[in-house]
Amino acid sequence: MHFQLHRRLLTLLALAPLSLLPINDAFAQTPPSVIGTRAVMTTWSDPLEALGTLSAEESVTISATVTEIVADINFRDGEQVDEGQLLIRLEDAEEQAQLRASQALRDERRNASTRATQLQDRNLAARADVEDSQSRLRQAEADIQAIEARLSNYRIQAPFSGRVGFRNISVGTLVTPGMDLVTLDKLDVMKLDFSVPEIFLGRLSPGLMLNTSTAAYPDDIFSGEIATIGTRVDPVTRSINIRAELDNADGRLRPGMLMQVIVQQRVRDSVVIPEAAIEPSGDRHSVMLIEESDGTTRLTKRNISIGERRYGQVEVLEGLAADELIVVHGLQLARDGQEARLIGIVDDETGIRALLEADR
């Protein structure tokens, strides 16, 4: 009896591997499902990050130079004004009266000079009298110029085109020399000042592009370029000041804003792929190439050399060309030389999730 039981067990053990073979073969023959993406050639650079502060291209606080009462205000808070536009007029009745008196005196002396010249031409007046009358005329004209110069202090104009701030005065306010009346900022172009460690000095040059962002507009990127590099390195911080210029045609940026700066160093054209498409193995990296031929999709392992990583993307230095198709999803089951089922290709409009949902 024991002999028959032992024989039956041996028979079952011998048949067990044979019964499993069809199942294993079925799994082995099922091609893995993968999603592909294409390597793209794009502009790449080494980012240098810093924090900077914005200031207006031109900025001034307009103040009075005389003591007088405000007669007229010709702007509204936050208004865009043009260069030379009259902003504030101060009471100038006294100066205007002096101007009219000086103009009358000039006319009188001009007539006297003319008569003296006519008499001298007929030898009825001495040459000295003519010269004295001409001298008095020039003095009267100089007095008029001095009064007109003083009158310009009573008419406060915009020194350049820009946007005024809040006014802190009203008609009838007595202003004094040095009193702040209103701010004026030219906001079409903004200056961005920041500093970087001196070790990066050799990599920076005027014209180098940069991108900036601010908490006020978290979804927007503002581009600009380096305009000026400081002439001195701070001996304490060992940093150098950099000034960039940002276009601000829409007027959203304001002086005093804190900006996050990323300077684009060593700008170059590079092949870039998603970081998820890379298979690391020690110091080596590889991707799974998708090759389609005669209706068959086959995977081929390709070793690559990578450069900088940034925001889920990787720069490929060697081993991959632009437009080559690689696996970005499904690498766990992908094997070199294996056939695969390509679900779809990721692009700017279609992501991995959308392709997986469509394949359900």
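Each value, and the rule that gives it
- Residues numbered from 1 in each chain as written.
- Predicted model: local features only at pLDDT ≥ 70, side-chain atom pairs only at ≥ 80, totals over all residues.
- Heavy atoms only, no water.
- Phe/Tyr/Trp six-rings, centres within 6.5 Å; stacked < 30°, edge-to-face > 60°.
- Lys NZ or Arg CZ within 6 Å of the ring centre and 35° of its normal.
- Helix = DSSP H or I, 4+ residues; strand = E, 2+ residues; numbered from the N terminus.
- Buried < 20%, exposed > 50% of the residue type's maximum accessible area, 1.4 Å probe, protein only.
- Contact = heavy atoms within 4.5 Å.
- Pairing = 2+ DSSP bridges.
- Lys, Arg positive; Asp, Glu negative; His and termini not counted.
- Salt bridge = Lys/Arg side-chain N within 4 Å of Asp/Glu carboxyl O.
- Core = buried A, V, L, I, M, F, W, Y, C linked by side-chain atoms within 4.5 Å.
- pLDDT = per-residue confidence, 0-100.
- Expected span 1.5 Å × (residues − 1).
- Axes fitted to C-alpha atoms, helices over the stretch in contact; angles between N-to-C directions.
- Parallel < 35°, antiparallel > 145°, perpendicular 65-115°, else oblique.
- Left-handed = near helix turned anticlockwise from the far one by under 90°.
- Nonpolar A, V, L, I, M, F, W, Y, C, P; charged D, E, K, R; others polar.

Chemist: Residues and numbers for the packing of aromatic side chains, please.
Modeler: Tallied over the full model, the rule gives one aromatic pair. Here the basic side chain of R252 rests over the ring of Y217, its NZ or CZ set 4.8 Å away from the ring centre. When the ring centre of W44 is taken as origin, the NZ or CZ atom of R310, which lies over that ring, is 4.2 Å away.

Chemist: Before we move on, could you go through the side chain of S113 and cite the residues and values that matter?
Modeler: Within the fold, S113 resides in helix α2 (residues 93-121). Residue classification places S113 among the buried residues on the basis of a relative accessible area of 6%. Once residues within four sequence positions are removed from consideration, S113 is found in contact with S133, Q134 and L137.

Chemist: Quick one: what's the story with the pairing of strand β17 (residues 313-318), residue by residue and with numbers?
Modeler: Two faces, one strand: in a regular strand the side chains alternate between the faces of the sheet. Sheet topology places strand β13 (residues 258-274) next to β17; four bridges connect them, and they run antiparallel. From the neighbouring strand, P274 faces β17, where its bridge partner is Q313. Both strand β16 (residues 296-310) and β17 contribute to a ladder of four bridges, which runs antiparallel. For R309, the partnering residue across the bridge sits in β17 and is V314. Between β16 and β17, which pair antiparallel and follow one another directly, the connecting turn spans two residues, one of which, Y311, has a positive phi of 50°.

Chemist: Describe in detail the side chain of D92, supporting the description with residues and values.
Modeler: For D92, the location among the structural elements is in the loop between β5 (86-90) and α2. No salt bridge is formed by the buried D92. Its closest oppositely charged neighbour is R89, at 4.0 Å.

Chemist: An account of the nonpolar core is needed here, citing residue identities and associated values.
Modeler: Among the nonpolar cores identified, the biggest contains 24 residues, and F194 and V263 are the most heavily contacted of them. Here the element with the most residues in this core is strand β9 (residues 180-197); it accounts for five residues. Counting 20 residues, the second largest nonpolar core, distinct from the first, contains I169, V175, L181 and V182.

Chemist: Residue-level account of the pattern of salt bridges, with values.
Modeler: Under the definition given, this model contains twelve salt bridges. E131 is the partner of R127 in a salt bridge, and the nearest nitrogen-oxygen pair spans 3.7 Å. Separated by four residues within a single helix, R127 and E131 lie in helix α3 (residues 127-152), roughly one turn from each other. With a relative accessible area of 47%, R127 lands in the partly exposed category. Residue class for E131 comes out partly exposed when judged on its relative accessible area of 42%. R268 is the partner of E315 in a salt bridge, and the nearest nitrogen-oxygen pair spans 2.9 Å.

Chemist: Residues and numbers for the confidence of the model for the protein, please.
Modeler: Per-chain confidence: the protein averages 87 in pLDDT, with 92% of residues scoring 70 or above. Ranking the helices and strands of the protein by mean pLDDT puts strand β12 (residues 239-247) first, with 96, and helix α1 (residues 2-29) last, with 47. Across residues 12-27 the pLDDT falls below 50, and counting only partners more than four positions away or on other chains, this stretch makes zero contacts in the model.

Chemist: Give a detailed account of unusual backbone geometry, specifying residues and quantitative values.
Modeler: The residue D294 is not glycine, and still its phi comes out positive at about 55°. Phi is positive for D323, close to 80°, though the residue is something other than glycine.

Chemist: So, the pairing of β12: which residues are in play, and what are the values?
Modeler: By the bridge criterion, nine bridges tie β9 to β12 in an arrangement that is antiparallel. Counted as the bridge partner of V189 is D247 from β12. Inspection of the sheet shows strand β11 (residues 217-233) paired to β12 by six bridges, in the antiparallel sense. The residue bridging T228 from the neighbouring strand is R243, located in β12. The hairpin turn running from β11 into β12, its antiparallel successor, is five residues long, and R238 in that turn takes a positive phi close to 55°.

Chemist: Now, about the sheet that holds strand β8 (residues 174-175): what can you tell me, with residues and values included?
Modeler: Taken in spatial order, the four strands make up an open sheet running β6-β5-β3-β8, and their pairing is antiparallel. The open sheet is flanked by β6 (155-157) and β8, the only strands paired with a single partner. As paired strands, strand β3 (residues 68-73) and β8 are joined by two bridges and run antiparallel to one another. From the neighbouring strand, E68 faces β8, where its bridge partner is V175.

Chemist: Tell me what's going on with α3, and back it up with residues and numbers.
Modeler: Here α3 contains 26 residues, and its C-alpha end-to-end distance of 38 Å stays within 8% of the 38 Å for a straight helix at 1.5 Å per residue. Of all the positions in α3, only V130, S133, L137, A140, I144, I147 and L151 are classed as buried. Summarising the contacts, the buried residues of α3 are in contact with α2 and β6.

Chemist: So what about the packing of α2 against α3? Which residues, and what values?
Modeler: In contact at an axis separation of 8 Å, α2 and α3 are set at 160° when each is read in the N-to-C sense. Comparing their axes, α3 and α2 come out roughly antiparallel. Considering only the axes of α2 and α3, their crossing is left-handed. Per-class residue counts for the contact of α2 with α3 are ten nonpolar, ten polar and eleven charged.

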